[in-house]
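Structural characterization, general
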Amino acid sequence: LQENIYSPELGYPVAPILLSHKEPFTALVSYNDLAAIGAIRALRDHGLRVPEDVSVVGFDDIQGAAYHTPSLTTIRQPLNSMGNTAARILLQRIRSGPDKDYPEELPIVPELIIRESTLPPNPKLLRNPAATAYAVAAGVDRARTDPRTQLPLLTAPRRQEVPGSRRRRRRH
């Protein structure tokens, strides 16, 4: 499996491991679309419905993501913009020489492509006491609900600075 990171087989074993912990969850975010497709298959093999029981999100927006059943919600990287930015910076560095300071990191804003593999959390799961404790730890405010859906609102957890890490700007 480690030799081929471009296979749904990579995501298949993850879902059974999560399910074996007996800790309820309503969503799974995968590091690429193919692994997300493997996780969807594993969830279905364990009797769960995607997205009714568990929402699944991939990353990369591969061509097949829109044609998978259910079509995969994914995070699209702006590859053209990234390539243009990299080329522009490289040319600036060549022209300006090594004495000029350049940023070590540049934020690139991805795009969330919402398709059929995600829904709001299952309210039955959120009413489960264990799920409620898990949801609160994940930033769900049970005291406030969306007036339209009556589901708990997600709140942004407080960021904790990890020693030795750098703060990165986030666009909202």
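Let us look at the structure shown here. (Residues numbered from 1 in each chain as written. Predicted model: local features only at pLDDT ≥ 70, side-chain atom pairs only at ≥ 80, totals over all residues. Heavy atoms only, no water.)

1. Examining the pattern of salt bridges
In this structure the tally under the stated criterion is five salt bridges. Residue Asp-45 pairs with Arg-41 through a salt bridge whose shortest N-O separation is 3.1 Å. One end of the pair, Asp-45, and the other, Arg-41, are both in helix 2 (residues 33-45), four residues apart, so they sit about a helical turn from each other. The exposure class of Arg-41 is exposed, given its relative accessible area of 52%. (Salt bridge = Lys/Arg side-chain N within 4 Å of Asp/Glu carboxyl O. Helix = DSSP H or I, 4+ residues; strand = E, 2+ residues; numbered from the N terminus. Buried < 20%, exposed > 50% of the residue type's maximum accessible area, 1.4 Å probe, protein only.)

2. As for helix 2
With 13 residues, helix 2 extends 18 Å from end C-alpha to end C-alpha; this agrees with the ideal 18 Å at 1.5 Å per step. By the burial criterion, the buried members of helix 2 are Asp-33, Ala-35, Ala-36, Ile-37, Gly-38, Ala-39, Ile-40, Ala-42 and Leu-43. Buried residues along helix 2 sit in contact with helix 1 (14-20), strand 1 (27-29), strand 2 (55-59) and strand 3 (73-76). Residue Gly-47 follows helix 2 closely and has a positive phi angle near 85 degrees. (Expected span 1.5 Å × (residues − 1). Contact = heavy atoms within 4.5 Å.)

3. Section: the pairing of strand 2
Burial analysis of strand 2 places four of its five residues in the buried class, which makes it a mostly covered element. Between strand 1 and its parallel partner strand 2, the chain crosses via helix 2, and the hand of that crossover is right-handed. Bridge count for strand 2 against strand 3 is three bridges, and the pairing is parallel. Across the sheet, the residue bridging to Phe-59 is Ile-75, located in strand 3. (Right-handed = clockwise from strand over helix to strand, strands pointing away. Pairing = 2+ DSSP bridges.)

4. Some thoughts on helix 3 (residues 79-96)
Taking 1.5 Å as the rise per residue, helix 3 with 18 residues should run 26 Å; its terminal C-alpha atoms sit 25 Å apart, in good agreement. Positive backbone phi, approximately 85 degrees, marks Gly-97, located one or two places after helix 3.

5. Let's talk about the sheet that holds strand 1
As summarised here, the arrangement of the four strands in space is 1-2-3-4, forming an open sheet in which the pairing is mixed. Each edge of the open sheet carries a strand with a single partner, namely strand 1 and strand 4 (111-113). On average, each strand axis in the sheet is tilted by 20 degrees relative to the strand beside it, whichever way the strands run. Alignment of strand 3 against strand 4, held across three bridges, turns out to be antiparallel. Counted as the bridge partner of Thr-74 is Ile-113 from strand 4. (Axes fitted to C-alpha atoms, helices over the stretch in contact; angles between N-to-C directions.)

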